[in-house]
Amino acid sequence: MLVVNYWDSVITSIPIFPSGSIGKAEFVNKPRRKVVAGKREDHLQNRQSEPHAHAIVLDPATTRIAFIPDLGEDDIKQFIFDPENNRLIEAGRITEISNVSGACGPRYLEFHPSYPVAYSVNELASTISVFAFKEGEARVMVEDFGKPNWKPVPVLKLIQEIETIPKAFPHALNTCGRITVDPSGNYVLVSNRGHNSIAIFKISWGVDIGRLHQVALFHTRGSTPRHFQFVPSGKALIVANQDTDSISVFSFDTETGQLIFTGNTYHVPSPNFVCCASPILENYHSKI
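Note that this is a predicted model, so its numbers are computed, not measured.

### Concerning the packing of aromatic side chains
- Under the criterion given, the structure shown has seven aromatic pairs.
- With centroids separated by 5.3 Å and ring planes inclined at 75°, the aromatic side chains of F111 and F133 adopt a geometry described as edge-to-face. Taken together, the residues span a long stretch of sequence, with F111 in strand β8 (residues 106-111) and F133 in strand β10 (residues 127-133) at a distance of 22 residues.
- Residue F133 is classed as buried on the basis of its relative accessible area, which comes to 6%.
- Aromatic side chains F250 and F261 sit 5.5 Å apart centroid to centroid with 55° between the ring planes, which places their arrangement in the tilted category.

### Description of the sheet that holds strand β3 (residues 27-29)
- Strand order in the open sheet formed by three strands is β1-β2-β3, with antiparallel pairing between adjacent strands. Since the sheet does not close on itself, it has two edges, and those belong to β1 (2-4) and β3, each with one partner. Within the sheet, the average angular offset between the axes of one strand and its neighbour, ignoring direction, is 15°.
- Of the strand pairs in this sheet, strand β2 (residues 11-13) and β3 are connected by three bridges, and their pairing is antiparallel.

### Here's the deal with the layout of surface pockets
- If you add up the space inside the second largest pocket, you get close to 310 Å³.
- Breaking the lining of the second largest pocket down by element, the ones donating at least two residues are β5 (65-70), β6 (75-82) and β7 (87-94).
- Here the lining of the second largest pocket takes four residues from β7, the largest share from any one element.
- For the lining of the second largest pocket, the residue count by class is seven nonpolar, four polar and eight charged.

### Description of the sheet that holds β8
- Spatially, four strands are ordered β8-β9-β10-β11 in an open sheet, and the strand pairing comes out antiparallel. In this open sheet, the two strands that pair with only one neighbour each are β8 and β11 (156-163). In this sheet, neighbouring strand axes are inclined to one another by 25° on average, regardless of whether the strands run parallel or antiparallel.
- Sheet topology places strand β9 (residues 117-122) next to β10; six bridges connect them, and they run antiparallel.

### Focus on the pattern of salt bridges
- Within this structure, the stated rule accounts for nine salt bridges.
- Across the pair D75 and K77 runs a salt bridge, and its minimum N-O distance is 2.9 Å. Each member of the pair, D75 as well as K77, carries the same accessibility label: buried.
- Between R107 and E123 there is a salt bridge; the shortest N-O distance is 2.7 Å. Of the two residues, R107 sits in strand β8 while E123 sits in the loop between β9 and β10, which places them 16 residues apart along the sequence.
- Judged by its relative accessible area of 5%, E123 is buried.

### Focus on unusual backbone geometry
- Of note in the backbone geometry, T63 takes a positive phi value of approximately 55° without being a glycine.
- Its location among the elements puts T63 in the loop between β4 (57-58) and β5.
- For N86, which is not a glycine, the phi torsion comes out positive at approximately 55°.
- Within the fold, N86 resides in the loop between β6 and β7.

### A look at the environment of P60
- Relative to the elements of secondary structure, P60 occurs in the loop between β4 and β5.
- Distance from P60 to S114, taken between C-alpha atoms, is 9.3 Å for residues 54 residues apart in sequence.
- With sequence-adjacent residues up to four places away left out, P60 is seen in contact with F111 and F133.

### Some thoughts on the nonpolar core
- Judged by nonpolar contacts, the single largest core of 21 residues is most densely connected at I65, F67, L109, F111, F131 and L156.
- Among the elements of the structure, β5, β6, β7, β8, β10, α2 (135-143) and β11 are those that each provide at least two residues to this core.
- Counting residues per element, this core draws most heavily on α2, which supplies three residues.
- If you look at the next biggest cluster of nonpolar residues, it comprises 15 residues, including V121, C176, V190 and I203.

### Quick word on the side chain of S126
- Relative to the assigned elements, S126 resides in the loop between β9 and β10.
- Judged by relative accessible area, S126 falls into the buried class, the value being 0%.
- In terms of polar contacts, S126 uses its side chain to reach the side chain of N174, at 2.9 Å.
- Once residues lying within four places of it in the same chain are set aside, the contact partners of S126 are I162, E163, T164, I165, H171, N174, T175 and C176.

Thresholds, definitions, all that
Residues numbered from 1 in each chain as written. Predicted model: local features only at pLDDT ≥ 70, side-chain atom pairs only at ≥ 80, totals over all residues. Heavy atoms only, no water. Phe/Tyr/Trp six-rings, centres within 6.5 Å; stacked < 30°, edge-to-face > 60°. Helix = DSSP H or I, 4+ residues; strand = E, 2+ residues; numbered from the N terminus. Buried < 20%, exposed > 50% of the residue type's maximum accessible area, 1.4 Å probe, protein only. Pairing = 2+ DSSP bridges. Axes fitted to C-alpha atoms, helices over the stretch in contact; angles between N-to-C directions. 1 Å grid on protein atoms, 1.4 Å probe; cavity = no way out; pocket = protein on both sides within 12 Å on 5 of 7 lines; lining within 4 Å. Points joined across faces, edges and corners; volume = space filled by probe spheres on them. Nonpolar A, V, L, I, M, F, W, Y, C, P; charged D, E, K, R; others polar. Salt bridge = Lys/Arg side-chain N within 4 Å of Asp/Glu carboxyl O. Contact = heavy atoms within 4.5 Å. Core = buried A, V, L, I, M, F, W, Y, C linked by side-chain atoms within 4.5 Å. Polar contact = N/O pair within 3.5 Å; in protein donor to acceptor, adjacent residues only side chain to side chain.

Here's what the structure looks like:
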C-alpha cells in the first residue's frame, strides 16, 4: 500500500499481509523542504510556501511509476516503485503543468482507462491540465531501472489546459475538488467549490485524442462539492456538499453529458467522500 500525507508531505509504503491486515511502514520519504505550518489558518494563507503531496497514482501501463501531484510546489513528482525493497525511488518531476503564470495547485491525477492520456485538476487555478502519457518511454524507464546507465525522464507531456469555471466568476472564490473520467470513457467531470458546480467536458478522439471541450456546468444543490462518485452503471452521480451537510443525487445522460437533478437530497454531516459498494450477496444469503 502506497500512502501520501497531505499535511507533512511524507510518502510511505505499507505491507499488506494475506489476511488483509497491514504492517508498519517499511519505507518513509520526507520532503526536502520541511513543512512548518502549524495551524489550518496559517496553512491556508501560505500553502504554496511548502510541499503538500495531495495524491499518489500509479501509471496504467507498468503500475510501477507513481505520480504525486504536489499542491504546494506546483509540480507532479515521479517515483519508481522498487518491489524488491518496497521503496519509492525519485524519478524526476513534471514541472510543465500549466500554460499560465500564477498558483496552479495540482490536486489529483486521473488516467483515461483506454487511451494514453492523463488529467490533472488544479485546485488553485480552477483548471484541468491534459497530458499525453508517453507509454513507450515509461516502459523503457521501468525496464532499465537498476542498470548503471538508468536515467529517469518525465513521461507526461502537457497538451492542453482548460478552465473549469466561467471567465466572469472570480477565481479567488473557487477551488477545485475532485476529477474523474466517467465509466463510459467519454467525459471528464470536475467539482468546483465556491462556484458550487460540476463541470462536464467531452473527450475528443481522432487527431485531438484526449483533449477536452466543455459541455456544461450544473449546480450541485449545495455548497462546497468536495467529492462525488458515479454509481457502477455510470448513469447516476452522487455529490457530497461539505458545507451544507448534504449529498445530492443526479442522473447522468451518457449520450449528451447532461446531469439531471433527481430531487433527492440527504442530510449527511460534512460529507467528504462518496464510495459506492456492491453487497456480497453470497455472504449475505448464507447468514439469513
